[in-house]
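# Observations on the three-dimensional arrangement
Each chain is listed here by its residues.
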Amino acid sequence: MRELTDSRDESTPDQLWLVEHEPVFTQGQAGKPEHLLMPGDIPVVQTDRGGQVTYHGPGQVVLYPLLDVRRARLGVRDLVSALENAVIAVLAEYGVEARARADAPGVYVGEAKIASLGLRIRRGASYHGVALNVDVDLAPFQRINPCGYAGMAMTRIADLVTAPPSVERVGLDMARCLAMELGRELRLGDEPANLEPASQP
């Protein structure tokens, strides 16, 4: 992500990366060590995104929007809202009612958090992104104060629907919904998905 961000120019296409990580705790730039309660055998990686500590693991889809926000005239708050709205739209398609909160970035079902969000803007471009719990093991979240909130309840799609979709399907649905939020068209290929400006009607 950093390499692409540092080497991109005005002709570099915007991309969405969809990944599923091995178990890892990631600590944001503002991360405080006291929020790492009992990491145990799960590695802790310092990152340059915003926010505090979170967990990534199999069964969770992470979408990284690698966008030229300067070219798109997209503010940080606009991008955060687009990511949150895309997750909310995907969950609605699965029959799950979710919402964003003004006091804490991410997406929530009731009081439980289902998606965590952390971004970095550098050289007018965004990286890092949003992680949505599909069928991830939630136990590691008990080893931390998720996003710096002690006792934050976490949830996942698998606990909210009778037939949970695959991580792959959720990822593609997230990419599609984010492209719509940004007024773009998604072009899929063997390489990371590129985002093209939406064609005019």
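Everything here concerns the structure above.
Quick summary incoming for the structure in this document. Residue positions are given per chain, counting from 1 as you read along its sequence in written order. Side-chain atom pairs in this predicted model are given and counted only at pLDDT of 80 or more, local residue features only at pLDDT of at least 70, and totals for whole chains, interfaces and linings cover all residues. Side-chain measures were taken over the full set of non-hydrogen atoms in the model, leaving aside hydrogen atoms and water.

## Some remarks on the overall build of the protein chain
Check the secondary structure of the protein chain and you find four helices and eleven strands. Relative to its length of 201 residues, the protein chain is compact, with a C-alpha radius of gyration of 16 Å against a globular reference of 17 Å. Classification of residues uses two cut-offs on accessible area relative to the type maximum, computed with a 1.4 Å probe and protein chains only: under 20% is buried, over 50% is exposed, and between them is partly exposed. Here the protein chain holds 201 residues, and 51% of them are scored as buried. Contacts were defined at the residue level, with two residues in contact if any of their heavy atoms lie within 4.5 Å. Intrachain contacts of the protein chain at a sequence separation of at least 6 include 65% that bridge at least 24 residues. As presented, the protein chain carries roughly 9800 Å² of accessible surface, and 51% of it is formed by carbon and sulfur atoms. Helix numbers and strand numbers start at the N terminus; a helix is a DSSP run of H or I with at least 4 residues, a strand a run of E with at least 2. Throughout, radius of gyration means the C-alpha value; the globule benchmark is 2.2 Å times the number of residues raised to the power 0.38. What sets the accessible areas is the Shrake-Rupley method with a 1.4 Å probe; for residues, cover comes only from the shown protein chains.

## Focus: the pairing of strand 2 (residues 24-27)
Because side chains alternate across strand 2, one face comprises the buried residues Val24 and Thr26, and the other comprises Phe25 and Gln27, equally buried. When strand 2 meets strand 4 (residues 53-56), the two strands line up antiparallel, connected through four bridges. The residue bridging phenylalanine 25 from the neighbouring strand is tyrosine 55, located in strand 4. At least two DSSP bridges between two strands are needed for those strands to be called paired.

## Describing unusual backbone geometry
In this model, arginine 73 sits at a positive phi of 55°, which is unusual for a non-glycine residue. Tracing the backbone through its elements, the reader meets arginine 73 in the loop between helix 2 (69-72) and helix 3 (76-93). Given a relative accessible area of 77%, arginine 73 falls into the exposed group. The backbone of cysteine 147 shows a phi angle near 55°, a positive value even though the residue is not glycine. Among the structural elements, cysteine 147 can be located in the loop between strand 9 (125-133) and helix 4 (167-181). Classification of cysteine 147 by relative accessible area gives buried; the value is 18%.

## Quick look at the packing of helix 3 against helix 4
Running from N to C, helix 3 and helix 4 cross one another at 130°; their axes reach a closest spacing of 8 Å. On the basis of their axis angle, the class for helix 3 and helix 4 is oblique. The handedness of the crossing between helix 3 and helix 4 is right-handed. Counted together, Ala82, Leu83, Asn85, Ala86, Val87, Ala89, Val90 and Glu93 of helix 3 and Val170, Asp173, Met174, Arg176, Cys177, Leu178 and Glu181 of helix 4 form the full contact between these two elements. Classification used: nonpolar for Ala, Val, Leu, Ile, Met, Phe, Trp, Tyr, Cys and Pro, charged for Asp, Glu, Lys and Arg, polar for all others including Gly. Residue composition of the contact of helix 3 with helix 4, grouped by class: ten nonpolar, one polar and four charged. Angles here are taken between N-to-C directions and fall from 0 to 180 degrees, while the axes themselves are lines fitted to C-alpha atoms, restricted in helices to the stretch in contact. Angles are sorted into four bins: roughly parallel if under 35 degrees, roughly antiparallel if over 145, roughly perpendicular if 65 to 115, and oblique for all others. With the far helix as reference, a near helix turned anticlockwise by less than a right angle produces a left-handed crossing, and one turned clockwise produces a right-handed crossing.

## Thoughts on helix 3
Each residue after the first adds 1.5 Å to the expected span of a helix. If you check helix 3, its first and last C-alpha atoms are 26 Å apart, about what 18 residues at 1.5 Å a residue would give, namely 26 Å. Of the positions making up helix 3, those classed as buried are Leu79, Val80, Ala82, Leu83, Glu84, Ala86, Val87, Val90 and Leu91.

## So, a nonpolar patch on the surface
Patches draw on residues past 30% relative accessible area with no salt bridge. Two like charges within 9 Å are joined, as are two nonpolar side chains (Val, Leu, Ile, Met, Phe, Trp, Tyr) within 5 Å. A pairing counts as a salt bridge when a side-chain nitrogen of Lys or Arg comes within 4 Å of a carboxyl oxygen of Asp or Glu. A contiguous nonpolar patch, built from Leu18, Leu172 and Leu188 and spanning about 270 Å² of accessible area, is present on the exposed surface. As for its position among the elements, leucine 18 is in strand 1 (residues 14-19).

## Side note on the sheet that holds strand 2
Judged by pairing direction, the sheet is mixed, and its three strands sit side by side in the order 3-2-4 without closing on themselves. Edge strands, defined here as strands with exactly one partner in the open sheet, are strand 3 (44-46) and strand 4. Each neighbouring strand pair of the sheet contributes to a mean axis angle of 30°, computed without reference to strand direction.

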